[in-house]
Amino acid sequence: MKLLSQALATLSLLGLGCQLPGIASARDVVHDAEYYVLEAQHGEAWAAEDAELDAKLAALEEKHGRPPNIIHVMWDDTAFGDVGIPAIQKVRGLETPALNKMAREGMLFTRMYTEVGCTPSRAAAQTGRYAVRSAMYNIGMLRESHGISGKEVTIAEVLSKAGYATAFHGKWHLGDIEESYPHKQGYDEAFFTGYNQILSLNNVIAEQANASIGLMEEILPPDPYKLDDTFVTKGWVMIAEGTKGGETLQWKDNTHETYLQIDDEAQRRTLEFIERQAKAGKPFYVANYPNLTSFIPAVKKCSRARSLLQDGLQCNIDPFLGKLRAKLEELGIAENTIIVAMADNGPMSHSPPPGLGMAETIFRGGKGDFLEGGVRVVAQAWWPGTIPAGEMPADIIHETDLFTTFAAIAGATKHVPTDRIIDGIDQRALLMKGDTNGRRDYVHIYAGPRLGAIVKGNYKRHFISPDPVGEASGIPAAFYFLPGDPREKTPLLVNMIHLKHPFNRMYLRHMTWKKKYPDRKEQHGVPWRGIANATPEVKALAEPQMNRDDLPFDPLEYIEHLDELPFDPAMDPGLGD
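A quick note: this is a predicted structure, and the numbers were derived from the prediction, not measured.

Caption draft 1: How the structure looks around helix 10 (residues 262-280). With 19 residues, helix 10 should reach 27 Å at 1.5 Å per residue; the first-to-last C-alpha distance of 27 Å fits that figure. All buried positions along helix 10 are accounted for by I262, D263, E265, A266, Q267, R269, T270, L271, F273, I274, Q277 and A278. Downstream of helix 10 by a residue or two, G281 has a phi angle that is positive, lying close to 70 degrees.

In C-alpha cells, the structure reads:
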C-alpha cells in the first residue's frame with residue numbers, strides 16, 4: 001500500500017486528481033505512471049475480470065496437474081506481414097506454412113511493439129522493463145565488455161521461484177561479462193551467444209571474401225606500418241553453455257562451420273528439454289532465440305526470394321515451429337502450453353549486408369528507428385483451447401507485457417520485484433478473451449537513452465523531431481494519425497495541435513516517475529571471464545597485453561569509463577526516409 005500511496009501522490013502532483021480502486025496483491029508491482037491513469041478508470045472492471053481469469057487458469061491447472069508451460073521464440077529483424085499474412089508473403093517471395101497455421105489457430109497481433117534493436121529488445125522481454133531502465137540500450141558487439149546487471153530480475157528468476165524448470169537456447173545478446181550469462185540470470189541451463197549474427201563474419205572465410213576487414217590478421221600480408229598489436233581483438237567466445245551453479249564452457253570454436261551448427265543445436269536442446277520436463281511432470285519455461293541466418297550466403301537457395309531473411313524464415317524458423325508443435329502434441333501437453341513467436345524488431349533496412357532481403361512493408365523505418373517500422377513487428381500466440389482461434393486483435397501490446405503476463409499465467413506474480421518500475425502489463429485478458437480486451441493504449445519508444453516518440457492509441461508524437469524550428473518555437477509538427485499515415489510521412493500540425501499538451505502530460509508523468517525510480521547505470525567488466533575451458537586468447541582479455549610498468553596508466557582502466565561514451569548525439573531524424 002505504501003507504493004500505491006506514492007503513486008497516488010505523484011499522480012496528484014501531476015494534476016490527475018484521481019483515485020485508484022481497491023487493489024489485489026498484483027498491484028504491488030510498480031508500473032509506469034501512465035498505467036495508473038488507465039487503472040483509475042478501469043481498475044474495478046479489471047479486478048473482476050482477473051477473478052474470472054484466475055478461475056479459468058485454476059481449472060486448467062487442475063485438469064493438467066500443473067501450471068501451463070511457456071515457450072518464447074524470438075528471431076531477428078522481420079517486418080510486419082513477412083510472417084502470418086500470405087498475401088504479403090507472396091509479394092516477398094517466401095512461405096511459412098507452420099507459423100501461418102499457428103496464427104490462424106491462435107492469435108495474430110497487429111500492434112505488437114518492441115524496442116528498436118536486438119539487445120534492448122531482448123533485455124525488455126527478459127526483465128519486463130524498457131531497456132533504458134536496465135541500461136541495455138547499446139547493441140552488443142565483439143569485446144563489448146558490457147552486459148545486463150546481476151541486479152536485474154529476469155523472467156527465468158521469477159518462474160524458477162514458482163517451481164518452473166527454465167532454459168535458454170540461442171541468441172542471448174545481453175552481454176559478454178560473467179554476471180550477464182543466462183545461467184547466472186536465473187536459467188537452469190543455457191546455450192547462448194553473447195553477440196549477434198555478425199559472429200558469422202568473424203572468421204577466415206569472411207576475411208578472405210572481404211566481408212570482414214582486418215580481424216583475421218594471420219591470413220593478411222604483414223603490414224610494415226603497423227605499430228600497435230593490441231588494437232584488433234584476438235580472442236572471443238562465439239557460443240557458450242552452462243548450468244545454474246555449474247561451469248561455463250565454450251562450445252566448439254569460432255569458425256563459420258560452428259556458427260552454422262548453432263541453431264540446429266539450440267533447437268535440438270529445446271526439444272530435448274521439453275521432453276525431459278514433460279516426462280518429469282514439471283512445468284517449464286524455455287526461450288529459444290534463433291540466430292536466423294548467417295551473413296555469408298549459403299550456396300543453396302531455399303526461398304523464392306533467394307535472400308538471407310526469407311531463407312532463414314522459410315527453412316529454419318518455420319520448420320522449427322512445426323517440430324515444436326509436433327513435439328507438444330506427441331507428449332500430450334499442447335493444450336497446457338502457450339507459444340509466443342515473434343520478431344525482436346523491424347527489418348535491418350539501414351546498411352544491410354548484401355543479399356539480406358529485409359525491407360519495409362506497411363510501416364516506414366527499420367531496425368534502430370523509433371518509427372513504426374522499427375518497433376511494430378510480426379508476432380503471434382498459440383494456446384489450443386485457451387486462446388480463441390482466428391483472433392487478430394488491434395489492441396496495443398508491448399514485449400515487456402510478456403514478462404508480466406507469463407508471471408501471471410504461472411501464478412508467479414508475487415515473485416516480480418516491487419522495488420523498480422515494471423513496464424510490462426498483465427495481458428492475460430487479451431490472450432484469453434481476444435480483441436478489445438487489452439489493457440494498454442500507450443507505448444514509450446526509446447532511441448538509445450533518449451525518448452524518441454510516444455504512442456497513445458491511434459496517435460503518435462515524435463519527441464526527436466525532423467522539425468527543429470517548430471520544436472524551438474513551441475508548435476512542433478510532429479504529430480501523426482497512424483491509421484491514416486502508417487508510414488509517418490505526413491506530420492499534422494493544425495489538425496492535431498490540440499494533442500500537444502496531452503502528450504506533454506504523458507512525457508512529464510513518465511519522466512517524473514523516473515526520478516523516483518532512476519534508470520540503472522551500465523554494467524561493465526572484462527569479457528568472457530569464468531570460461532572453464534578458455535583459450536589462451538580469451539584468457540588474455542583479462543591481461544593488459546603489455547608490461548604495466550611501461551605505461552603511466554592501467555591499460556584496463558578504460559572499462560570503468562565505457563558509460564561515458566556519447567550515444568550518437570546527432571540522432572538523425574531522417575532515418576527511415
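Additional details are given in the paragraphs that follow.
Caption draft 2: Local environment of helix 4 (residues 97-105). Inspection of helix 4 places A98, L99, N100, M102 and A103 among the buried residues, and these make up the whole buried set. Buried residues along helix 4 sit in contact with strand 1 (69-75), helix 3 (86-92), strand 2 (107-108), helix 11 (308-331), strand 10 (337-343) and strand 12 (379-382).

Caption draft 3: View of the packing of aromatic side chains. Evaluated as defined, the whole model comprises 20 aromatic pairs. Aromatic side chains Y35 and W46 sit 6.1 Å apart centroid to centroid with 25 degrees between the ring planes, which places their arrangement in the stacked category. In terms of burial, Y35 and W46 fall into one category: buried. Ring-pair connections join several aromatic residues into one group, and the members of that group are F168, W172, Y187, Y285, Y289 and F406.

Caption draft 4: The arrangement of the sheet that holds strand 13 (residues 397-398) in detail. Ordered in space as 11-3-13, the three strands form an open sheet in which the pairing is mixed. In this open sheet, the two edge strands, each paired with only one partner strand, are strand 11 (376-377) and strand 13. Here strand 3 (residues 112-113) runs beside strand 13; their pairing, made up of two bridges, is parallel. Bridge pairing links M112 to I397 in strand 13.

Caption draft 5: Representation of the nonpolar core within the structure. Membership of the largest hydrophobic core comes to 108 residues, with the highest contact counts inside it found for W75, L321 and W528. If you tally residues by element for this core, the top one is helix 11, at eight residues. Here L321 is in contact with V73, L99, M102, I339 and A341, once residues within four sequence places are set aside. V30, Y36, V132 and F463 belong to the second-largest nonpolar core, a separate cluster that totals 23 residues.

Caption draft 6: Inspection of the sheet that holds strand 7 (residues 240-243) at higher detail. Spatially, nine strands are ordered 2-12-10-1-9-5-6-7-8 in an open sheet, and the strand pairing comes out mixed. One side of each edge strand has no neighbouring strand; the edge strands of this open sheet are strand 2 and strand 8 (248-250). In this sheet, strand 8 lies alongside strand 7 in antiparallel orientation, the contact comprising three bridges. Across the sheet, the residue bridging to G242 is T248, located in strand 8. The strands touched by helix 10 within the sheet are strand 1, strand 5 (165-171), strand 6 (189-193), strand 7 and strand 9 (284-289), with strand 9 carrying the most contacts at an inclination of about 170 degrees.

Caption draft 7: Representation of the pairing of strand 9. For strand 9, a buried count of six out of six residues is recorded, marking the element as mostly surrounded by other parts of the structure. Of the two faces of strand 9, the one lined by F284, V286 and N288 and the one lined by Y285, A287 and Y289 are each fully buried. Relative to strand 9, strand 1 is paired through four bridges, and the arrangement is parallel. Along strand 9, the bridge assignment pairs V73 with N288.

Caption draft 8: View of the state of the cysteines. For the coordinates displayed, the defined rule picks out one disulfide. Across the disulfide from C302 sits C315; the S-S distance is 1.6 Å. Negative torsions about the S-S bond denote left-handed disulfides, and the value of about 55 degrees found for C302 with C315 makes this one right-handed. In this pair, C302 is assigned in the loop between strand 9 and helix 11 and C315 in helix 11, connecting sequence segments 13 residues apart. With a relative accessible area of 29%, C302 lands in the partly exposed category.

Analysis parameters
- Residues numbered from 1 in each chain as written.
- Predicted model: local features only at pLDDT ≥ 70, side-chain atom pairs only at ≥ 80, totals over all residues.
- Heavy atoms only, no water.
- Helix = DSSP H or I, 4+ residues; strand = E, 2+ residues; numbered from the N terminus.
- Expected span 1.5 Å × (residues − 1).
- Buried < 20%, exposed > 50% of the residue type's maximum accessible area, 1.4 Å probe, protein only.
- Contact = heavy atoms within 4.5 Å.
- Phe/Tyr/Trp six-rings, centres within 6.5 Å; stacked < 30°, edge-to-face > 60°.
- Pairing = 2+ DSSP bridges.
- Core = buried A, V, L, I, M, F, W, Y, C linked by side-chain atoms within 4.5 Å.
- Axes fitted to C-alpha atoms, helices over the stretch in contact; angles between N-to-C directions.
- Disulfide = S-S within 2.5 Å.

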